Amino acid sequence: MYNPIKTLKTNTIGTLNMLGLAKRVGARLLLASTSEVYGDPEVHPQSEDYWGHVNPIGPRACYDEGKRVAETMCYAYMKQEGVEVRVARIFNTFGPRMHMNDGRVVSNFILQALQGEPLTVYGSGSQTRAFQYVSDLVNGLVALMNSNVSSPVNLGNPEEHTILEFAQLIKNLVGSGSEIQFLSEAQDDPQKRKPDIRKAKMMLAWEPVVPLEEGLNKAIHYFRKELEYQANNQYIPKPKPARIKKGRTRHN
Ligand SMILES: O=C(O)[C@H]1O[C@H](OP(=O)(O)OP(=O)(O)OC[C@H]2O[C@@H](n3ccc(=O)[nH]c3=O)[C@H](O)[C@@H]2O)[C@H](O)[C@@H](O)[C@@H]1O
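In what follows, the accompanying structure is described. What you see is a predicted model, and the numbers here were worked out from it, not measured in a lab. (Residues numbered from 1 in each chain as written. Predicted model: local features only at pLDDT ≥ 70, side-chain atom pairs only at ≥ 80, totals over all residues. Heavy atoms only, no water.)

**Overview of the site of the ligand**
Condition: In these notes, residues near a molecule or strand are those with any non-hydrogen atom within 4 Å of it. Within 3.5 Å is the distance limit for a polar contact, defined as a pair of N or O atoms, with the added protein rule that one can donate a hydrogen and the other accept it, and that residues adjacent in sequence qualify only through two side-chain atoms. Under the convention used here, a 1.4 Å probe and the Shrake-Rupley method define accessible areas, while residue burial counts only the protein chains that appear. Site definitions follow a grid-based scheme: protein atoms alone, a 1 Å grid, a 1.4 Å probe that fits but cannot get out for cavities, and for pockets an open set with protein on both sides within 12 Å along at least five of seven lines, plus lining residues having an atom within 4 Å of a point. Grid points define the cavity or pocket, and a molecule sits in it when more than half of its atoms lie within 2 Å of them. Helix and strand definitions here come from DSSP, where helices need a minimum of 4 consecutive H or I residues and strands a minimum of 2 consecutive E residues; each element is numbered from the N-terminal end. Note on residue categories: nonpolar means Ala, Val, Leu, Ile, Met, Phe, Trp, Tyr, Cys or Pro, charged means Asp, Glu, Lys or Arg, and polar means any other residue, Gly included.
Taken together, 21 residues surround the ligand, and among them Thr-34, Ser-35, Thr-120, Asp-189 and Arg-193 come closest. With respect to the ligand, the side chain of Tyr-63 contributes an N or O atom lying 3.0 Å from an oxygen atom. With respect to the ligand, the side chain of Arg-129 contributes an N or O atom lying 2.7 Å from an oxygen atom. Summarising the interface, the protein chains cover 88% of the accessible area of the ligand, which totals 700 Å² for the free molecule. If you map the ligand onto the pockets, it falls in the largest pocket. Broken down by secondary-structure element, the contributors of at least two residues to the shell around the ligand are helix H3 (105–114) and strand S4 (119–122). Residues belonging to the shell around the ligand are distributed by class as follows: eight nonpolar, seven polar and six charged.

As structure tokens, this is what we get:
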């Protein structure tokens, strides 16, 4: 996490401000919550009624607890002030136009594979994740906002892989000769994660439709183009033309 305190402020004060605004203008509020509210789960797959297993003082705490209190605030405003809320618990998502260098696994592995660098697996790589393509998520968010479901809903793709399998898959799709490098494991890294999406299926008639490989190929295509663009286009800042007042000459 780049800036834990700003992360905490955005999730708490930011959500509080938005709930206040929603109350004033009578808007329906969508909270982009996260699978991280389940922490390092002791229940698998994770359904919405699981309360989670979060270390409140660990390195992920400002994000996880920030999102948990954001959910708490949503339901306080709903009960006390009648604000309409929709809460999506978003599981790992990827796709074109994701940030190249945010350090998450999809962007890291694709960039490493494209550049012939080692793919950095933290720990043994036996931890699991399930990745959904961005357009599936967007369809789920639209369905949720248009529904009358005010309780939290998981949005994710239940196809689960180990991180090592995932590294090998990306390496193959890129056609890369990169090695796989094992680094020390991340502290408090959730060991298993997979959404139970029965609620979204039943109440929103939603489920992911984009197969993992198809989505990854689109993301790889995007990253390849970005790298080419960056290699061919150095950004050279041009000074703004001096604004000279009429009738007066500027002497520097
Ligand atoms: O989408 C989610 O639910 C959450 O996913 C991420 O958390 P995380 O699942 O840990 O995502 P990554 O940082 O992409 O890591 C996934 C796994 O890959 C591993 N990893 C990551 C990067 C890397 O270079 N190598 C590597 O092995 C991590 O240790 C972890 O086990 C984000 O940090 C959260 O913002 C988000 O809410």
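**Some thoughts on H3**
This is how the line gets drawn: Buried, partly exposed and exposed residues are distinguished by accessible area as a fraction of the type maximum, computed with a 1.4 Å probe on protein chains only: under 20%, between the cut-offs, and over 50%, respectively.
Summarising burial for H3: nine of the 10 residues are buried, a large majority. The set of residues buried in H3 consists of Val-106, Ser-107, Asn-108, Phe-109, Ile-110, Leu-111, Gln-112, Ala-113 and Leu-114. A positive phi of about 70 degrees marks Gly-116, the residue just after H3.

**Some points on the environment of Gln-181**
Counted only if it meets this: Note on contacts: a residue pair is in contact if any heavy atoms of the two residues lie within 4.5 Å.
Note on placement: Gln-181 falls in strand S9 (residues 180–183). Of the residues examined, Gln-181 reaches a relative accessible area of 35% and is grouped as partly exposed. The sequence separation of Gln-181 and Leu-119 amounts to 62 residues, and the corresponding C-alpha distance is 5.8 Å. The contact partners of Gln-181, leaving out residues within four places of it in the chain, are Pro-118, Leu-119, Thr-120 and Val-121.

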